[in-house]
Amino acid sequence: MTVPYNFPHSAYAADLQRAWEHLAPGEESATNVAVAGRVMLLRTQGRLAFATMRDSSGEIQLFALADATERFEEFAHLHLGDWVGVRGEVVRTKRGELSVKVATWEVLASARHNFGDKWAGIADFDLRYRHREADLWANEKSRASLARRSEVVRALRERCWAAGFVEVETPILNPIPTGAAARPFVTHHNALDSEFFLRIAPELWLKRLVVGGFERVFELGRVFRNEGVSPRHNPEFTMLELYAAYWDYQDMMSFTEELVAGVALDVLGTTDLVYQERTVSLAAPWPRRTMAELASEAVGEDVSAHTPRERLVALLDERDVEVQPSWGAGRCLAELFEVSAEESLWSPTFVTEFPVEVSPLARRHRDDPALTERFESYLVGRELSNGFSELNDPEDQRERFEEQARLAASGDEEAMRIDEDYIRALEWGLPPTAGLGVGVDRLAMVLADESNIREVIAFPTLKPLRG
RNA sequence: GCGCCGGUAGCUCAAUUGGCAGAGCAUUUGACUCUUAAUCAACAGGUUCCGGGUUCAAGUCCCGGCCGGCGCACCA
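Reading the values: the criteria
Position labels on residues start from 1 in each chain and follow its written sequence. Here the convention is simple: chains get letters from A, ligands get numbers from 1, in the order in which they are written. At least 70 in pLDDT is required for a residue's local features to be given in this predicted model, at least 80 for side-chain atom pairs to be given and counted, and no such filter applies to totals for whole chains, interfaces and linings, which use all residues. To get the side-chain values, take all heavy atoms of the structure and skip hydrogens and water. Secondary structure follows DSSP: runs of H or I at least 4 residues long count as helices, runs of E at least 2 residues long count as strands, and numbering of each begins at the N terminus. Buried, partly exposed and exposed residues are distinguished by accessible area as a fraction of the type maximum, computed with a 1.4 Å probe on protein chains only: under 20%, between the cut-offs, and over 50%, respectively. Whether two residues are in contact is decided by their heavy atoms, any of which lying within 4.5 Å being enough. Note that accessible areas follow from Shrake-Rupley with a 1.4 Å probe, and for residues the cover is restricted to the protein chains shown. Throughout, the term near means that a residue has one or more heavy atoms lying within 4 Å of the molecule or strand in question. Within 3.5 Å is the distance limit for a polar contact, defined as a pair of N or O atoms, with the added protein rule that one can donate a hydrogen and the other accept it, and that residues adjacent in sequence qualify only through two side-chain atoms. Only centres within 6.5 Å qualify two rings of Phe, Tyr or Trp (six-membered ring in Trp) as a pair; their planes then separate them into stacked at under 30 degrees, edge-to-face at over 60, and tilted for everything else. A positively charged side chain is recorded as over a ring if its NZ (Lys) or CZ (Arg) lies within 6 Å of the ring centre. The angle to the ring normal must also be within 35 degrees. Note on geometry: axes are lines fitted to C-alpha atoms, helical ones only across the stretch in contact, with angles between N-to-C directions running from 0 to 180 degrees. An angle below 35 degrees is read as roughly parallel, one above 145 as roughly antiparallel, one from 65 to 115 as roughly perpendicular, and any other as oblique. Helix crossings are classified by the rotation of the near helix relative to the far one: an anticlockwise turn of less than a right angle makes the crossing left-handed, while a clockwise turn makes it right-handed. By the convention used here, strands pair only if DSSP detects at least 2 bridges between them. Taking the helix axis as origin, the arc is that swept by the directions to the C-beta atoms. In this tally Asp and Glu are treated as negative and Lys and Arg as positive; neither His nor the chain ends contributes. Here a salt bridge means any side-chain nitrogen of Lys or Arg lying within 4 Å of a carboxyl oxygen belonging to Asp or Glu.

A. Here's a closer look at the overall build of chain A. For chain A, the helix and strand inventory stands at 13 helices and 18 strands. Overall size of chain A, expressed as C-alpha extent along the three principal axes, is 90 × 55 × 50 Å. Here chain A, with 467 residues, has 51% of them falling under the buried criterion. Taking the intrachain contacts of chain A between residues at least 6 apart in sequence as the baseline, contacts between residues at least 24 apart amount to 65%. Surface accessibility of chain A: about 22800 Å² in total, with carbon and sulfur atoms responsible for 50%.

Put into structure tokens, the structure is as follows:
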């Protein structure tokens, strides 16, 4: 069957519902429109037929009559899921349903597969994720969650622009995977005959742009980490990273809480939300607690990066954490925090003063060289963002990289490598700068009230079918 | 990667202790001039995820594999 190449569309369902809200049952508007969408339901009644048509805005009924509709028999035999373009008058039926009384119409595309049970939709996760196009029609919630994600991304971008940040794009193919502790995906460039890694973070490139004079930059993009898949982890996920010259980590915490609360306002109109049946408020300011404080509260005794390593190891042993010989007191404290305190941080909280050992790119704390001016924000028991006063001393950065290299040599697959180009960039001078990374999918999950990250990713990573 | 659970018609789901594989919706055909998951009638629809095994008999029990959900680990 030949279908048209275009359809001169004049109205969306939701706009018609709004515009003709007061049209009385049985009344005709004397206004002709052209609408298009999918037939979701079809009720034939002899020489009448009613179809529920859905477009991107909502639904409207199509009212066909044998006496008034061209090719009525064909219309009455449409399949659920067929795309149609319809021209006719806006009317309200005797039973009160706003409708387009079909005069002329065309099939725009036919559906050769169905869109699931018309009441239960599609429940099978495999089918929903592998064929999201069907899921989006079958399950309203799927479309709503992805639409919500889009609104979150838009709000983040607009708020960054409004704060004077310049949006940039940095390489995804990297000769060295760096900027985070993670295992990379590896690929190969044929003409250059070189190994490349998909980026695990854009961090170092962005700071090089600050060295170059872009005082406020941000990038909203995909990063790739070769790690486990879970309801909260997808191998490729979206990160917002931004850097502001002349700010320190305290300034950046203030920006972060305003950004996240502002996005909630933009998207939901409120900072008070319900996530998985529990209330949570995103309103600023958020409490700022040091990692040592939170860990101390959780374990019931004072611990810090200065606590003797043996004591921290004992506390970790009690919690069945396998301590690696290469871990110093700082790493032990961070691990202790993660196992004892992290999950309890339901309302938004900044965890601050991370040990230098676990923060190879963060600037040393002005009051304590064992710590850094680093924070992570936690929300609904999960990490949402990470930021710090940036390490801008090239010699200290070299020492940190060398320490990472020692860890890598002792078998730590996630340790960073020495990036000479980056050290050279710092030698040209990075002003005092603070940086931030936000897990965009995680934020979208909270604002869409979804517990599985796949619900806010249109096409989540799946194992390819074989055999 | 490990553990637990799951996979039955196009979709949503049943199937007692191992005993003839079913329903609703969708599809097909028919009836019906105001329906709302329309209704009514009829037809059709199966490699019970795949491959082995036990048994007179396997959707059901056992072994292996594939895919998924959840948990753990890793991380954001």
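B. Here's a closer look at the protein's contact with RNA strand B. If you check the shell around RNA strand B, you find 54 residues, and the closest are Arg-95, His-233, Asn-234, Arg-442 and Arg-454. Backbone atoms, meaning sugar plus phosphate, form 59% of the atoms of RNA strand B positioned within 4 Å of the protein. Ala-123 has a polar backbone atom sitting 2.8 Å from a phosphate oxygen of RNA strand B. Side-chain polar atom of Glu-414 to a phosphate oxygen of RNA strand B: 2.8 Å apart, as the coordinates give it.

C. Fine view of the packing of aromatic side chains. Counting across every chain of the model gives 12 aromatic pairs. With 5.4 Å between their ring centres and 50° between their planes, Trp-247 and Phe-255 make a pair best called tilted. Judged by its relative accessible area of 14%, Phe-255 falls in the buried class. Put simply, the rings of Phe-165, Trp-247 and Phe-255 pair up and form one aromatic cluster. Its guanidinium or amino end placed over the ring of Trp-105, Arg-71 lies 4.5 Å from that ring's centre, counting from NZ or CZ. Sitting above the plane of the Phe-165 ring, Arg-216 keeps its charged end 5.8 Å from the centroid.

D. Representation of the packing of helix α6 (residues 203-211) against helix α12 (residues 420-427) within the structure. At a minimum axis distance of 10 Å, the contact between α6 and α12 shows a crossing angle of 25°. As far as their axial angle goes, α12 and α6 are roughly parallel. Crossing of α6 over α12 shows left-handed handedness. Between α6, through Leu-204, Lys-207, Arg-208 and Val-211, and α12, the contact on the second element is made entirely by Asp-421, Tyr-422 and Ala-425.

E. Geometry of the pairing of strand β3 (residues 59-65). Within β3, six of the seven residues are buried, which leaves it mostly tucked inside the rest of the structure. Where strand β2 (residues 48-54) lies against β3, seven bridges are found, and the strand directions are antiparallel. By the bridge assignment, Ala-51 is partnered in β3 with Leu-62. Count of turn residues in the β2/β3 antiparallel hairpin: four residues.

F. A look at the sheet that holds β2. If you walk around this closed barrel you meet the five strands as β1-β2-β3-β5-β4, and the pairing is mixed. Taken over all neighbouring pairs, the strand axes of this sheet differ in orientation by 55° on average, direction set aside.

G. Focus on helix α9 (residues 309-318). Considered for burial, the residues of α9 that qualify are Leu-312, Val-313, Leu-315 and Leu-316. Taken end-on, α9 shows its buried residues confined to a sector of 160°, consistent with a single buried face. Turned more than 90 degrees away from the buried face of α9, the exposed residues are Glu-310 and Glu-318. For α9, the elements touching its buried residues are α8 (291-299) and α10 (329-340).

H. A look at the side chain of Arg-382. When you line up the elements, Arg-382 lands in strand β17 (residues 382-389). Buried charge Arg-382 goes without a salt bridge, the closest partner of opposite sign being Asp-449 at 8.3 Å. In this structure the side chain of Arg-382 is engaged in a polar contact, spanning 2.7 Å, whose partner is the side chain of Tyr-275. Every residue in contact with Arg-382, bar those within four places of it in the chain, is listed here: Arg-232, Tyr-275, Ser-377, Arg-442 and Met-445.

I. Representation of the sheet that holds strand β10 (residues 216-224) in the model. The strand order across the open sheet built from eight strands is β6-β10-β11-β18-β17-β16-β15-β14, with neighbouring strands paired in mixed fashion. With one partner strand each, in any of the chains shown, β6 (166-167) and β14 (288-290) form the two edges of the open sheet. Examined bridge by bridge, β10 and strand β11 (residues 236-245) share nine bridges and lie antiparallel to one another. Bridging across to β11, Arg-222 finds its partner in Thr-238.

J. Region of the structure containing the side chain of Lys-207. Relative to the elements of secondary structure, Lys-207 occurs in helix α6. For Lys-207, a relative accessible area of 1% corresponds to the buried category. Within the structure, the side chain of Lys-207 is placed 2.5 Å from the side chain of Glu-390, a separation counted as a polar contact. Among residues more than four places away in sequence, those in contact with Lys-207 are Tyr-243, Leu-361, Phe-388, Glu-390, Tyr-422 and Leu-430.

K. Highlighting the environment of Pro-231. With respect to the helices, strands and loops of the structure, Pro-231 is situated in the loop between β10 and β11. For Pro-231, a relative accessible area of 36% corresponds to the partly exposed category. In this structure, the C-alpha to C-alpha distance between Pro-231 and Ala-51, residues 180 residues apart in sequence, is 38 Å. With sequence-adjacent residues up to four places away left out, Pro-231 is seen in contact with Met-445, Ser-451, Asn-452 and Ile-453.

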